[in-house]
Amino acid sequence: MKVLVVGGGGREHGIVWALKKSPKVNKIFCAPGNPGIGELAECLDIKVDNISGLLDFAKKEKIDITVVGPELPLSMGIVDTFEAAGLKIFGPSREAALLEASKSFAKEFMRKFSIPTAKYEIFYETEKDEAIKYIEKEGAPIVIKADGLAAGKGVIVAMTKAEAITAVKEIMESKVFGSAGKKVVVEEFLEGEELTLLCFVDGMTAIPMVSSQDHKRVFDGDQGPNTGGMGAYSPAPVLIKPLENDIINKILYPTVLGMHSIGKAYKGVLYLGIIVTKAGPKVIEYNARFGDPETQVVLPRLKTDLIDIIIATIEGKLDTFTIEWESKTAVCVVMASGGYPGKYKNGEVITGIKNAEKLGDVTVFHAGTELRDGKLVTNGGRVLGITATGPDLRKAVDKAYRAVSLINFKGAQHRKDIANRAFNR
Ligand code: AMP
Ligand code: GLY
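Residues numbered from 1 in each chain as written. Chains lettered and ligands numbered in written order. Predicted model: local features only at pLDDT ≥ 70, side-chain atom pairs only at ≥ 80, totals over all residues. Heavy atoms only, no water.

1. Points about empty space enclosed by the protein
Here comes step 1: Per the counting criterion, the structure on display carries four cavities of 30 Å³ or more.
Here comes step 2: Within this model, the largest cavity holds a volume of roughly 100 Å³.
Here comes step 3: Considering the residues around the largest cavity, the lining is formed by Leu 99, Glu 100, Lys 103, Ala 106, Lys 107, Met 110, Lys 145, Val 185, Glu 187, Ile 284, Glu 285 and Tyr 286.
Here comes step 4: Sorting the residues of the lining of the largest cavity by element identifies helix H5 (98-101), helix H6 (103-112), strand E9 (183-188) and strand E17 (280-287) as the ones contributing at least two each.
Here comes step 5: Per-element accounting of the lining of the largest cavity gives the leading share, four residues, to H6.
Here comes step 6: A class-by-class count of the residues in the lining of the largest cavity yields six nonpolar, no polar and six charged.
Here comes step 7: In this structure, the second largest cavity encloses a volume near 70 Å³.
Here comes step 8: Contributing elements (two or more residues each) for the lining of the second largest cavity: strand E18 (329-336) and strand E22 (382-390).
Here comes step 9: The biggest single contributor to the lining of the second largest cavity is E22, with four residues.
Here comes step 10: Considered class by class, the residues forming the lining of the second largest cavity number seven nonpolar, three polar and two charged. (1 Å grid on protein atoms, 1.4 Å probe; cavity = no way out; pocket = protein on both sides within 12 Å on 5 of 7 lines; lining within 4 Å. Points joined across faces, edges and corners; volume = space filled by probe spheres on them. Helix = DSSP H or I, 4+ residues; strand = E, 2+ residues; numbered from the N terminus. Nonpolar A, V, L, I, M, F, W, Y, C, P; charged D, E, K, R; others polar.)

2. Considerations on the nonpolar core
Here comes step 1: Counting residues in each nonpolar core, the largest one holds 50 residues, and the members touching the most others are Leu 4, Ile 78, Leu 99, Leu 272 and Tyr 286.
Here comes step 2: When residues no more than four places from it in sequence are discounted, the contact partners of Leu 4 are Phe 29, Cys 30, Ala 31, Leu 44, Leu 54, Phe 57, Ala 58, Ile 63, Ile 65, Thr 66 and Val 67.
Here comes step 3: Val 3, Leu 19, Ala 312 and Ile 314 belong to the second largest nonpolar core, which has 38 residues in total. (Core = buried A, V, L, I, M, F, W, Y, C linked by side-chain atoms within 4.5 Å. Buried < 20%, exposed > 50% of the residue type's maximum accessible area, 1.4 Å probe, protein only. Contact = heavy atoms within 4.5 Å.)

3. Focus: the site of ligand 1
Here comes step 1: Looking at ligand 1, there are 15 residues lining it, with Glu 187, Glu 188, Leu 190, Glu 194 and Glu 285 nearest.
Here comes step 2: In this structure, a nitrogen atom belonging to ligand 1 sits 3.0 Å away from a side-chain N or O atom of Lys 145.
Here comes step 3: Between ligand 1 and Glu 187, the relevant distance is 2.7 Å, taken from a nitrogen atom to a side-chain nitrogen or oxygen of the residue.
Here comes step 4: Compared with its free state, where it exposes 480 Å², ligand 1 has 91% of that area covered by protein.
Here comes step 5: Listed by contribution, the elements that provide at least two residues to the shell around ligand 1 are strand E7 (142-146), strand E8 (155-158), E9 and E17. (Near = heavy atom within 4 Å. Polar contact = N/O pair within 3.5 Å; in protein donor to acceptor, adjacent residues only side chain to side chain. Areas by Shrake-Rupley, 256 points an atom, 1.4 Å probe, with all protein chains shown as cover.)

4. Concerning the site of ligand 2
Here comes step 1: Taken together, the neighbourhood of ligand 2 is formed by Asp 214, Lys 216, Gly 228, Tyr 271, Asn 287, Arg 289, Gly 291, Asp 292, Pro 293 and Glu 294.
Here comes step 2: A distance of 2.8 Å separates a nitrogen atom of ligand 2 from a polar atom in the backbone of Asp 292.
Here comes step 3: Within the side chain of Glu 294, an N or O atom sits 2.8 Å from a nitrogen atom of ligand 2.
Here comes step 4: For ligand 2, the accessible surface in isolation is 200 Å², of which the surrounding protein chains cover 90%.

5. Things to note about the layout of surface pockets
Here comes step 1: Of the volumes computed, that of the second largest pocket is approximately 300 Å³.
Here comes step 2: What lines the second largest pocket is a set of 16 residues, among which Gly 36, Glu 39, Ile 353, Lys 354 and His 366 lie closest to the centre.
Here comes step 3: Of all the elements in the fold, those that place two or more residues in the lining of the second largest pocket are helix H1 (10-20), helix H12 (353-358) and strand E19 (362-366).

Take a look at the structure:
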C-alpha cells in the first residue's frame, strides 16, 4: 500500500513511525514532513493547506490512503475534497471538524446533547459591552476563548476580572486573533486534573485509545504561559476504570451519536480534552485529530497494525474490530527552543540524537528541525520529542531524561517534571 501523511511535526513523525512498522505499507510519502520523517518516508515540498496540490499528488501517485495530521487542512475540507475525487482519506469532514475549528459550535453542540462541560456564554465581536457585563457578573477566575483556530493561543485563563476584560478587548478591538476572534466564548473556570483520551471513531462506533496526559505550561510546576505541549506520558493513572466508563458513556458516545444525528457523522481520531472535576469529568476541548505530543506516547504502545485500524475506520467497521495495546509505559519530553512560546531563534545545530537512541527503547521524534548544509538545525518552537518506554513510569521517565541529557542545541529548554502528577498521586 502507498500512504500519504499530511503534516510535518512530532505528531506526524509518530504516525509515520507507526505506519512504517506495518508489513502492508510499502511506501510512505509525507507532506511536508521533516528531517526525522525523512529517514522513514519520502518528504514532499507541498504545504498542508495546499489541498489541490495534495490532491494532484495523491491522484498522480495512486495513493491508497491519505492520513491527515493537523487541524488546518481538516477545517479547510481536505477530507471532503479527497472523497469527492474518489480517494480514501482518514480524518473528519469539514463539518465534523467544526468540533475543533469552532469553539462556539462545540459548546452549543454539548449544550444540545447534555454533554458535561463548563458553563458559558457566546458573544459576537460587536458585543464587547455585553461580554464585559457577563465577566463582571460571573467574576474571576474565568476563561476567554477565541472561537476559531488560533494555533493553540486563543485561550486565556484569566485569574482576575481585569485580565479577562483586557483579553476580551484584545480579541474584539485589537483583533489579536484575526477572524478567529469574530466570536468569543466566555466560560466558567474548571478545577481538576486534565487528561487526554484519543478515540478512533468510524461515524457510529468509537474505540478509545489508551489514556495520556499533556503538560501545557512552559515551566515546571505548571507555571508560565500555555504552549502546544511540553511533554506527555501514557497511561495516565488519573483515569481509573469507573472514570473511563463515565467518560465513554456521558461524553464519548453522546458526542458520536449526536454528531451522527445532526448529519455531521464523525470519522477519524476524536481528541477528548477532559478535566476531572469534583462533579465528574467535563469536556475542556475537542480536537479533530491526534494530539501532539500525546501521539508520541500513545502510538508507541499500539500493538495492532495502525493501517488496519485506519482502514476499518474509513470503512465504518470498527464495531467488529479489537485494538490491542502494550502494557508498558511511555514518556515524551519535549525539547524546545529558548524563548518559546515567545520569540526564539532558529538555525541552532542539534547534536546527540544517535547517542540518545543507542540507549534503547528511546525514539527521538522531530518537530521543528531542518537540514542546512547537511547539518541538523532547529527550525521551530518545539524542536524534538524524546520518547522512552519502560516497564513502569519511573524507568521510562529516567530513560527519557537520560536521553535528553545527551542531546544538545544552543538555548534548549525542557520541563524537568514530566509525569510528576502521576508520581504525586
Ligand atoms: P484549550 O486550547 O481549549 O485546550 O485550552 C488550553 C488550556 O487552557 C487547557 O488545556 C486548560 O489547561 C486551560 N483551560 C481551558 N478551558 C478551561 C476551563 N474552562 N477551566 C480551566 N482551565 C481551562
Ligand atoms: N497536546 C494538545 C493538542 O494536541 O492540542
